[in-house]
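Structural features, examined
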Amino acid sequence: MKTKAVRLYGENDLRLDEFELPEIKDTEILACVVSDSICMSSYKAASQGAAHKRVPDDVAENPIIIGHEFCGKIVKVGAKWADKFKAGEKFVIQPAHNYKGSLCAPGYSYTYCGGAAQYVIIPEETLIMDCLLPFDGDAYFYGSLAEPMSCIVGGFHANYHTKPGVYTHEMGTVPGGNMIILAGAGPMGLGCIDYAVHGGNPPKLLVVTDLDDARLKRAAELISPEDAKKFGVDLRYVNTGIIENPTEYLRDITGGEGYNDVFVYAPVKPVVEMGDALLSRDGCLNFFAGPSNTEFSAMFNFYNVHYGSTHIVGTSGGNTDDMRESIALMEKYLINPSAMVTHIGGLNAYAETTINLPKIKGAKKLIYTHVELPLTAIDEFSKAAEENSGTALGELFSDLDKICKDAGGLWCPAAEKRLLDYAGFNI
């Protein structure tokens, strides 16, 4: 079977190729990818090439398919797995396999498995590690967002706290505690706010900071303080860029106690150090945003580590249980990751979007791999309709604009269906 896929050959060398997939082995599965959302981790892999820990050294000779936030349908199942999986079932993948301690993962390491493709071969280790998960959501893009949501869920579960004189780590964020998300109005921050409020263990106080008024305004529209109150959460959005002493201001919100759980969503030295200064006694700082600079460091107050039991954790992706929790929350409509998506595009836009990801404003860029479409912001669908007036593409953008506006400005299942119908893709 032929497939189109975006493959990584080296530093900033991504190519849209068409090639033949081999016949699957009895230990493998052939699958159709429908959607894949582009992660900043993919940008890091593309910019570093073989220097990236998950990318093979021989990637120039044996390119890998990039992308790891994908959802699709199973096409054919190898004999070994025929009792567990069936053709026609929707799936998502947990890319962090940890198979025999290896860092290999779809989207970073495999010749025939990654999200930026139309068809892929799911390798045996994915199945052995139980990382191919069933998905029953009513749109493929929800499945693509299960992986980034699982990273958020994993971050919450990784936090820990202790009681004085007791050496047992109580895992998770403090129920009814003080929580702050620094640089939290970006795509992953929106998911973090959603999970903090609606995930079942809400804090009493949740403060979200950013330097961009527009992003904060959008976050407040999507997850409002009024809605948060229904779950017992005092939610506040703060632009720290317009406050003379933001650390003092943010600490004063807690009455001087500080924050039990501090999430740092930007790999910026002053932000990390602000997070440290905001910790309460036994406060946990979660450094969520992975830096691309291998020498990145920041100051941490070790007086408080010794006398105040402050501590730091970091996670790089969620595990399979985190993804299962994300899927369950979405299927029950308890969280809505649609807020993370700001741009839509086709496979033809994947390479350029990935390489330029930090320069493109907005949140998640969602790619449909069987569609040819320029990367387009949801809030510019109307403009795109005018620019392509009188064409099928213009009619598509006009319809998408109306559908998304009816959905509160969000990408939604109806919009996905219209797009796939336009592409003549039905699976």
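The following paragraphs examine the structure supplied in this document. (Residues numbered from 1 in each chain as written. Predicted model: local features only at pLDDT ≥ 70, side-chain atom pairs only at ≥ 80, totals over all residues. Heavy atoms only, no water.)

**Quick notes on the overall build of the chain**
We apply this condition: Helix and strand assignments come from DSSP, with helices taken as H or I runs of at least 4 residues and strands as E runs of at least 2, each series counted from the N terminus. For this measure, only C-alpha atoms enter the radius of gyration; the expected value for a globule follows 2.2 Å times N^0.38, where N is the number of residues. In what follows, residue pairs with any heavy atoms lying within 4.5 Å of each other are defined as contacts. Using the Shrake-Rupley algorithm and a 1.4 Å probe, accessible areas are obtained, with residue cover drawn only from the displayed protein chains.
Looking only at helices and strands, the chain has 15 helices and 19 strands in total. The C-alpha radius of gyration of the chain comes to 22 Å, within 12% of the 22 Å expected for a compact globule of 427 residues. In the chain, the proportion of contacts linking residues at least 24 apart, taken out of those at least 6 apart, comes to 72%. Surface exposure of the chain reaches about 18,500 Å², of which carbon and sulfur atoms provide 51%.

**Comments concerning the nonpolar core**
Condition: Throughout this description, the term nonpolar core refers to a set of buried Ala, Val, Leu, Ile, Met, Phe, Trp, Tyr and Cys residues connected via side-chain atoms within 4.5 Å. A 1.4 Å probe rolled over the protein chains alone gives each residue an accessible area, and that area as a share of the maximum for its type sets the label: buried under 20%, exposed over 50%, partly exposed in between.
I152, I193, L206, L235, I344, Y368 and W411 are the most contacted members of the largest nonpolar core, which totals 91 residues. The greatest single-element share of this core, amounting to 7 residues, is contributed by helix α5 (residues 187-198). The residues touching I193, leaving out its near neighbours within four places in the chain, are I181, G184, L206, V208, I223, L235 and Y237.

**Details of helix α9 (residues 269-277)**
Think of an α-helix as turning once every 3.6 residues; residues three or four places apart then point the same way. Listing the buried residues of α9 in full gives V271, V272, M274, G275 and D276. The elements touched by buried residues of α9 are β11 (178-182), α8 (246-253), β14 (259-264) and β15 (279-287).

**Focus: the pattern of salt bridges**
Pairing is possible between side chains that carry opposite charge, provided their charged atoms lie close to one another. Put simply, the test is: The salt bridge criterion pairs a side-chain nitrogen of Lys or Arg with a carboxyl oxygen of Asp or Glu, the two atoms within 4 Å.
Enumeration according to the criterion identifies 16 salt bridges in this entry. Where E23 meets K76, a salt bridge forms, and the shortest distance between an N and an O atom there is 3.6 Å. Placement of E23 in the loop between β2 (13-20) and β3 (29-38) and of K76 in strand β5 (residues 70-77) is noted, with a sequence separation of 53 residues between them. A residue is classified by how much of its surface remains accessible, and E23, at 63% relative accessible area, is exposed. Here K76 falls in the partly exposed class, since its relative accessible area comes to 42%. A salt bridge links K402 to D406; the nearest nitrogen and oxygen atoms lie 3.1 Å apart. Of this pair, K402 and D406 both sit in helix α14 (residues 392-406), 4 residues apart, which is roughly one turn of that helix.

**A closer look at the sheet that holds β11**
What counts here: For two strands to be treated as a pair, DSSP must find at least two bridges joining them. Comment: axis = line fitted to C-alpha atoms, over the contacting stretch for helices; angle = value between 0 and 180 degrees taken between N-to-C directions.
Ordered in space as β13-β12-β11-β14-β15-β16, the 6 strands form an open sheet in which the pairing is parallel. Only two strands of the sheet have a single partner each, and these edge strands are β13 (234-239) and β16 (311-314). Sheet twist, expressed as the mean angle between neighbouring strand axes with direction ignored, is 20 degrees. Its contacts with the sheet put helix α6 (residues 213-222) on β12 (205-210) and β13, and the angle it makes with β13 is roughly 165 degrees.

**Here we look at α8**
Short version of the rule: Directions pointing from the helix axis toward each C-beta atom define the arc.
The set of residues buried in α8 consists of P246, L250 and I253. Along α8, the residues classed as buried sweep out an arc of 50 degrees about the axis, all on the same side. Buried residues along α8 sit against β11, β12, β13, β14 and α9. G255 sits one or two positions beyond α8 and adopts a positive phi of about 75 degrees.

By themselves, these observations are geometric and do not establish any function.
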